[in-house]
Structure formats: structure tokens, C-alpha cells
Amino acid sequence: MVASRLALCLFPAWALGKTSAKWITVEDGAAPSFSLSSSSISYQFHVDPLTLDLIHDHWGGYAAETVPQGALNMNGWGGSYTYRLREFPDSGRGDFRTPAIHIQHASGDTVSAFSYKSYEVQSGKPGLPGLPATYGDDEDVSTLIVHLYDEYSDIAADLYYSIFPNHNAIARSFSLTNKGNSSATVLRASSWSIDTPNEELDLIDLQGDWAHEANINRRAVGYGEQGFRSTAGYSSHFHNPFFALAPPTTTESTGTATGYALVYTGSFAANVERWSTGWVRVLLGLNPLHLSWPLEAGDTFTSPEVVSVYSENGFTGMSQSLHSLFKNQLSRSNHTWETRPPLLNSWEGLGFDYNATVLVELAKSAADLGCTLFVNDDGWFGTDYPRDNDTLGLGDWVAQPKKFPEGLGTYVDDVNAITVANSTAKMSFGLWFEPEMVNPESDLYIEHPDWVLHSGSHNRTLVRNQLVLNLGLPEVQDYIIDTVEKVLDAANIDYIKWDNNRGQHELSSPAANHAYMLGMYRVIDNLTTAHPEILWEGCASGGGRFDAGLLHYWPQSWTSDNTDGLARLQIQFGTSYAYPPSAMGCHVSAVPNGQNGRTTPLAFRSAVASMCGSYGLELDPKDLTQEELDVIPGLIALQQEVNPLVINGDFYRLALPDQSNWPAAMFALPDASQAVLFMFQVRSETKPVPSPVKLRGLDAGAKYKLTGDDYEATYSGSTLMNTGLTLSWPNADYQSVILKLQRL
């Protein structure tokens, strides 16, 4: 259903001056007001009758009406646009804050003057051409489209607002169409832009680096600009394209919070600016250093989408809304809600040093431990430049004849013939790719040196001995699709690990990054659409591209190259602020750990990895002790038992690893019938004693049986949530307990 102002005469509501669709109400007139509301949230704004500018009224908990802004002293240098709470702030008319949109016109000026023209209301939600985005039918979402126009430049702007009431979420994006005869350049594009009232706020984001991702970073929002960005060409390890705003009193379980996530994988910018009035402008979108997008006559530019959620139940409530939105309305994979196979990956056990015989033996060892998926990592390809180290062959996606003399298909058949221990299941096979990269020593680069990102005669900087292919070029996109398809046709492949091991340097222009992203999305969309049966996993030297953009196409991403159990606790808890644990790939590796040299117990490492959707081993079983070999099948069996709860349950952070020596988290099914509790002791301490772990998400009036790790008890939900559990921990560091809860 589409309702526009021109069609209002067909409905009796026109006479009342009101148009409504499911969850969207418009108070009509020359300067209408708009409300997107459910029983829990409201997003409200209106048109200023004098300037036809869009004025923000409210984003947060449900509000039945709006409250006019109080009188404001506007003396001083700031014009009237500076002293407004704006929805789509442009540049050059006296608003001295950072704009959401900044356009350079053919004349050289950068003044824009967008004014309201009309609106539409749609049931459901339109897609964004060439970009990942949330989706839903008439029962999930409704969409408001507000049409603006700049009479001076003949550029039209369409603002898209979608409400997902089941997830307390609003999604925003916009498009610009050049309806004039002159060219223009989009310099800045923030998909989300609002001005919020003068309130005390903290900014919470996730910062880090390689092997140190997703550190929770909380600080007060002071006067001036505060923000972060990625100029790495990708979302990056350094800053994730997510942040939250909350009062200083908000905790994991109490208080209000709004979360913001960009559905995009390229360079981005987040900006939070407190002005002299105390108002806070919130912007999230593309990084202007990697934009300058040409908008020729007749062209349309579409911004990536930003989703925002509102919570009255602290940061856990915020995270749960994002998790449910991403799993139900963003991820389109067949595997999103499926239990994931326990796997063994060859990389840390073998590196590049293997052949088909060695790999099949490793796969047999994995099957003996209970793994049902064997993943052949880097090193399997290259003919003229065989991939025996990381300087050779990247880009030449043909199986090495030396390593696989009978071909890839025969080798994979041998793996598929292996029977998994204590079952009739056969071993599945997965393969590693890094399709967006190339080594200079490769057939591909020698034949097409112009296919890489480069800037004139500047040096082409190598990182990990490789260059980045320019996926903005259609011929590069087609090459990747064709070569990956040929490999998939040659063997029975059930899983793909899609890696990306460097950032982007030497862009030919700032616009090259966004062009790359559009090309990358075309490639991944094509392949994942053609092969929905394959379990696709993203990777970028760990969590370098753990973002909502790629979660649209595949259900999980490798969370970090750091597989140390203690480090992973922090990384996984931090990542869960925005992304569901069911989307995390987490493995048990050998000790001492290769990243930091720490030694932790096998059970501790396995418990940490079991908190994620995808569990695996990153080691060679022949290097394990007999005791470890005897224990691992039971650990895998336990992980598989609780994995449906990790996939389908609501996630609760009960005690954070950066705040407690006894971190804890749990997953509870939405109907509260089952749950699983993970508890850890980092260091053995005589004092203080552990705090009680108060569970959440249970039925207060029901009894629950708790079992696991030689523990068995029965308590009511009210006791578990209000009194909590206090365990007696062994006198040892790095201890873990997994308890299963069943409602009686």
C-alpha cells in the first residue's frame, strides 16, 4: 500500500487532516508532522512552516504527542538554522555545526537549501540498490519517504524512515538525484542525523586493533566534536561502525540507551557534537575523506543504511534489539538459525606445509574428535606461482597440481568419505579464499597489473606481500565470480571462509572506496545467492570487517585472530554490544597461545568458544596429549548440546570481563523454557569472594533444574534472578563452568 498526499482525497482521513498507516501517522497540511510509533518507541519530526526545513522532535520511548521547543535566545553569530533541532542538516546557510550532507556544485559553491515537498507511506520496506539493508514484509515494517528539493541546484533528496516495532528499531537512509544539467559532487553523506536535547550523555563505542578488537570505550559527551572513523577502506579493527548513547547512570540492565549501527563495510565516520545550547548532533555515515562522489545530471546516489534501537532495559536491552533485528530482518542466510557444525581448521596446525595426503590424515584426526567439518585454509592454490608462502599465487584460484595431483575434487571426495566418530555422519569440507587480493608474483597480476587499487605513479604499497584488487572495476568483479564458481563446481564444498588481510592504500580518488564497496557487494551477493546451501563465513585478519553490512550476506564472521581464551572473553563480550554471538566464529587453539604466549586450560578455552555460534579447533591433534585427546570429544558434545541455545536464545551479559574477576553471561530462549549459563574465574583470589551471579530472562514463577560440571540443583526463577548463584571455585586461575537450565 502506498499513500501519498495526492491520494489523500480518496480517504475520509483527509478531511481530518491526518494520514496513517501501520505504525506511521502524519498530521497533514502544508507543514506536516510525522510520527513513527509502536507501543515502545516513537520517532517524531515536523516541517517548519516558514522555511520548510525538517525539525526533529523526539527519538526514544513512546510519546503520544510532541512538545514544542521552548524559547531560545538566538542573538550572536549563529543564525536561525544553528538554533534548530534539525533532521537533515545541510551546509552554508548559517548552521555552524557539522552537516549531514555537503555537496559541491558545478559553480564551486557548497551551499545547499533542501526544503520539504511531499511524502509517501509504504507498508513493508524497499531495498537499497546495490547495498545491503534490512528488509521485511507488511507485518514487520512500515516506511515513510519524505521528498525534499533544492531549487537552486535542482537536486532532489528522498529520506527513508522505516520502523521495525518488534525490535524497537528505526532504519534511515537517503538518496540524492541530480535533476539539473550540471554535475555535482557529494562530499559528505551521513545516513543518520538527528539533534537531541540538552541531556547528560555518555558515548560508548568499540575500539581496538588486530588481535585486540572490540574494547568497550565509554566517555562523557562534552562540548565540541567527539567521534571516530575508519580510513582503512573497510570498517576495520580500529573502530567498529557502531556506537551507543546513554545517560551516565545506565548499566547493563537498567536505564535508557540508544544504539546506532551502519549497515556498510567501507570507510565510515561517526560524529557526536555538543553545541553551545547543550544539544547533541548525532551523525553516522560515510567517511568524507573517502567519498567525493560524482553526481552527474540524471544520476542518483544512495546512502548506506543506519539502524538505531532504543532500550529502557540498559545496554543488554539495546544489544538484544540489535541482535534480533540483525537475525530476523538483516541476515538472509539459510544458516542464520541453524546449529553450526564443529570444525577443524588447518591453518594453525599446518600453515602452508601440506599435501592431499597430510590433509586427509588431519581430517581423519578431526573426525575422531567429533568434528563434522574440515576446513582447508590458505595454501591450496597456484600453478606457476604455487602458494607455498604468502608471497606467491594469491589471485590464481586453481588447485596446486603438486599438492593435489588427482585434482581438488578427488581430494574433497576422500575427505567426504571419512566417518565422524560415534555417528554415521560423513565429514563435510570447507575451503579458504581471499578473492579481493593479489600477490605481485601471480599470473593474475602479471596479466592485469592495472586491476589493483593504485594512484598514478605512486608506489604500490605491499602489506602481507599483497595488493588490493579494484573491485570497482566490472571486469574484476566478473573475474572473481567466475573463478570462485569454477572451484565450487569442481568439488563438494559446504563452507567458505572469505578472508581479507589488509587495508586499502593508494586510492585513485576518494570515490574509489565506495565504488569498491558497491562492486564487492555485487560479487558477494551474486555468489551467496547462487549458493545458499554453502555456509559462508567472513574474515578480515580477524574482526577487521565484523559489521552489519556483511552480516546481510553471511551468517557469521571470524571474531579475532586472537584465540587466547582470556583475550577472547573481552573481544566477544565487546562484539556482543552490537552483534549477536550466534554470528561469531570462535575456535580453540593450542597453548601457549600464538598471539600472546598465555597458557590456559583446555576446558576454559572451549567454554569461551562455546559462547559463539560457530565453534572449532585451530590446531593439529598429533601435538596434543592423550589426556587432551580424551577430553575434546566431550567438550565438542557439550558445545553441540548448548549451541541451539546460543543460536536461538536471548543473550545476557551478567558480569563484564573488564569489570569482574568472575565474568558471566547466559542465553535464554524467548519462552524461558531453557537457558545456558557461562561463568568464569580469571584469577584465583582469597579475597574478595565472588559476587552472586543474578540470572535474567527466566520465568520467575517456575522451577529450573540446573546441571553441568558435576553440579546439580533446582531453584525457582525468582531465586535465580534475585538472589543469584554463588559457586565455590577451585584454587586455580582460568576456570569455567557451563550450566544448563531446564524449566520443570
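What follows deals with the overall build of the chain. Of regular secondary structure, the chain possesses 13 helices and 38 strands. Since a compact globule built from 744 residues should have a radius of gyration of about 27 Å, the 27 Å found for the chain is in line with a globular shape. Dimensions of the chain along its principal axes, counting C-alpha atoms only, are 80 × 70 × 50 Å. When the 744 residues of the chain are sorted by exposure, 60% land in the buried category. Here the contacts in the chain between residues at least 6 apart in sequence split such that 69% fall between residues at least 24 apart. By element, 50% of the accessible surface of the chain is carried by carbon and sulfur atoms, the whole surface being about 27,100 Å².

What follows covers the confidence of the model for the chain. Put simply, the chain has an average pLDDT of 95, and 98% of its residues get 70 or more. Of the regions scoring below 50 in pLDDT, residues 1-16 engages in 26 contacts with residues more than four places distant in sequence or in other chains.

Okay, the state of the cysteines next. Counted under the stated rule, the structure contains one disulfide. Note on C371: no disulfide assigned, nearest cysteine sulfur contributed by C586 at a separation of 15 Å. Under the relative-accessibility criterion, C371 is labelled buried at 0%. With no disulfide of its own, C539 lies 12 Å from the sulfur of C586, the closest cysteine sulfur.

Under the counting rule described, the total for this entry stands at 42 aromatic pairs. Seen in terms of ring centroids, F381 and W397 are 4.3 Å apart; in terms of plane orientation they differ by 50°. Their pairing is tilted. Separated by 16 residues along the polypeptide, F381 in the loop between β24 (373-376) and α5 (408-416) and W397 in the loop between β24 and α5 bring together distant segments of the chain. A relative accessible area of 0% places F381 in the buried class. Pairing F651 with F667 gives two aromatic rings, centres 4.8 Å apart and planes at 40°, and the pair type is tilted. Of this pair, F651 sits in strand β33 (residues 650-655) while F667 sits in strand β34 (residues 664-668); the two residues are 16 residues apart in sequence, bridging distant segments of the chain. Comparing F651 with F667, the two get one shared label, buried. Between R172 and the ring centre of W192, over which it is positioned, the NZ or CZ distance is 5.5 Å. Of note, R568 hangs over the ring of W558, and the distance from its end group to the ring centre comes to 4.8 Å.

The subject of this paragraph is the side chain of S308. The residue S308 is located in strand β22 (residues 305-311) in this model. Within the structure, S308 has its side chain in polar contact with the side chain of W59 (distance 3.1 Å). Residues in contact with S308, not counting those within four places in the same chain, are W59, N168, A169, I170, W192, T258, G259 and Y260.

Let us now look at the sheet that holds β34. Whether parallel or antiparallel, the strands of a sheet pair through hydrogen bonds between backbone atoms. Strand order in the open sheet formed by six strands is β33-β34-β35-β38-β36-β37, with antiparallel pairing between adjacent strands. The open sheet is flanked by β33 and β37 (711-716), the only strands paired with a single partner. Pairwise comparison of adjacent strand axes, ignoring direction, gives a mean angle of 20° for this sheet. Here four bridges tie strand β36 (residues 703-708) to strand β38 (residues 735-743), and the two strands are oriented antiparallel to one another. The residue bridging K705 from the neighbouring strand is Q742, located in β38.

Moving on: the sheet that holds strand β28 (residues 495-498). Reading around the barrel, the eight strands line up as β23-β24-β25-β28-β29-β30-β31-β32 and close back on themselves, with parallel pairing between neighbours. Direction aside, neighbouring strands of the sheet carry axes that sit 30° apart on average. Relative to strand β32 (residues 614-618), strand β23 (residues 343-345) runs parallel, the two sharing two bridges. The residue of β32 that forms the bridge with L344 is L617.

Quick look at unusual backbone geometry now. The omega torsion of the bond from V591 to P592 falls at -5°, within 30 degrees of zero and hence cis. In this structure, P592 sits in the loop between β31 (584-589) and α11 (602-610). Here the residue pair K687 and P688 is connected by a cis peptide bond, since its omega of -5° sits within 30 degrees of zero. In this structure, N422 is a non-glycine residue whose phi angle is positive, near 60°. Turning to its location among the elements, N422 is positioned in the loop between α5 and β25 (428-433). Even without glycine at this site, Y734 takes up a positive phi of about 55°.

Another aspect to go through is empty space enclosed by the protein. The probe, sized like a water molecule, is rolled over the atoms to show the empty space still left. Applying the stated criterion to the full structure yields eight cavities of 30 Å³ or more. Volume-wise, the largest cavity comes out at about 100 Å³. Looking at the lining of the largest cavity residue by residue, the class counts come to three nonpolar, seven polar and one charged. Taken as a whole, the second largest cavity holds about 80 Å³ of empty space. Lining the second largest cavity are F326, K327, S331, T336, R340, L551, W554, P555, P580, S582 and A583.

Of all eight residues making up strand β35 (residues 674-681), seven are buried, and the element is well covered by its neighbours. Two elements, β34 and β35, share five bridges in a ladder whose sense is antiparallel. When the sheet's bridge partners are listed, A668 is paired in β35 with A675. Where β34 folds back on β35, the antiparallel hairpin that results is connected by five residues, among which A672 adopts a positive phi of roughly 65°.

Our focus in this paragraph is the environment of V221. Examined against the element boundaries, V221 turns out to sit in the loop between β14 (215-220) and β15 (224-230). Classification of V221 by relative accessible area gives buried; the value is 7%. C-alpha of V221 to C-alpha of N389: the two residues are 168 residues apart in sequence and 47 Å apart in space. Not counting residues up to four positions away in its chain, the partners in contact with V221 are L201, D202, L203, Q226, L245, V272, R274 and V280.

Bringing the nonpolar core into the picture now. Counting residues in hydrophobic clusters, the biggest one holds 186 residues, and the most contacted among them are L176, W380 and Y411. One finds A655, L677, L698 and Y704 within the second-largest nonpolar core, a separate group that totals 23 residues.

Along any regular strand the residues' side chains alternate between the sheet's two faces. Most of β22 sits inside the fold, with seven of its seven residues counted as buried. Here β22 shows two buried faces, one formed by E305, V307, V309 and S311 and the other by V306, S308 and Y310. Across seven bridges, strand β17 (residues 257-263) lies against β22 in antiparallel orientation. Each residue of the ladder has a partner; that of G259, found in β22, is V309.

It is worth spelling out the side chain of S153 at this point. Assignment of secondary structure puts S153 in the loop between β9 (142-150) and β10 (155-164). A distance of 3.1 Å separates a polar atom in the side chain of S153 from a polar atom in the side chain of D150.

The rules behind each value
- Residues numbered from 1 in each chain as written.
- Predicted model: local features only at pLDDT ≥ 70, side-chain atom pairs only at ≥ 80, totals over all residues.
- Heavy atoms only, no water.
- Helix = DSSP H or I, 4+ residues; strand = E, 2+ residues; numbered from the N terminus.
- Rg over C-alpha atoms; globule rule 2.2 N^0.38 Å.
- Buried < 20%, exposed > 50% of the residue type's maximum accessible area, 1.4 Å probe, protein only.
- Contact = heavy atoms within 4.5 Å.
- Areas by Shrake-Rupley, 256 points an atom, 1.4 Å probe, with all protein chains shown as cover.
- pLDDT = per-residue confidence, 0-100.
- Disulfide = S-S within 2.5 Å.
- Phe/Tyr/Trp six-rings, centres within 6.5 Å; stacked < 30°, edge-to-face > 60°.
- Lys NZ or Arg CZ within 6 Å of the ring centre and 35° of its normal.
- Polar contact = N/O pair within 3.5 Å; in protein donor to acceptor, adjacent residues only side chain to side chain.
- Pairing = 2+ DSSP bridges.
- Axes fitted to C-alpha atoms, helices over the stretch in contact; angles between N-to-C directions.
- 1 Å grid on protein atoms, 1.4 Å probe; cavity = no way out; pocket = protein on both sides within 12 Å on 5 of 7 lines; lining within 4 Å.
- Points joined across faces, edges and corners; volume = space filled by probe spheres on them.
- Nonpolar A, V, L, I, M, F, W, Y, C, P; charged D, E, K, R; others polar.
- Core = buried A, V, L, I, M, F, W, Y, C linked by side-chain atoms within 4.5 Å.

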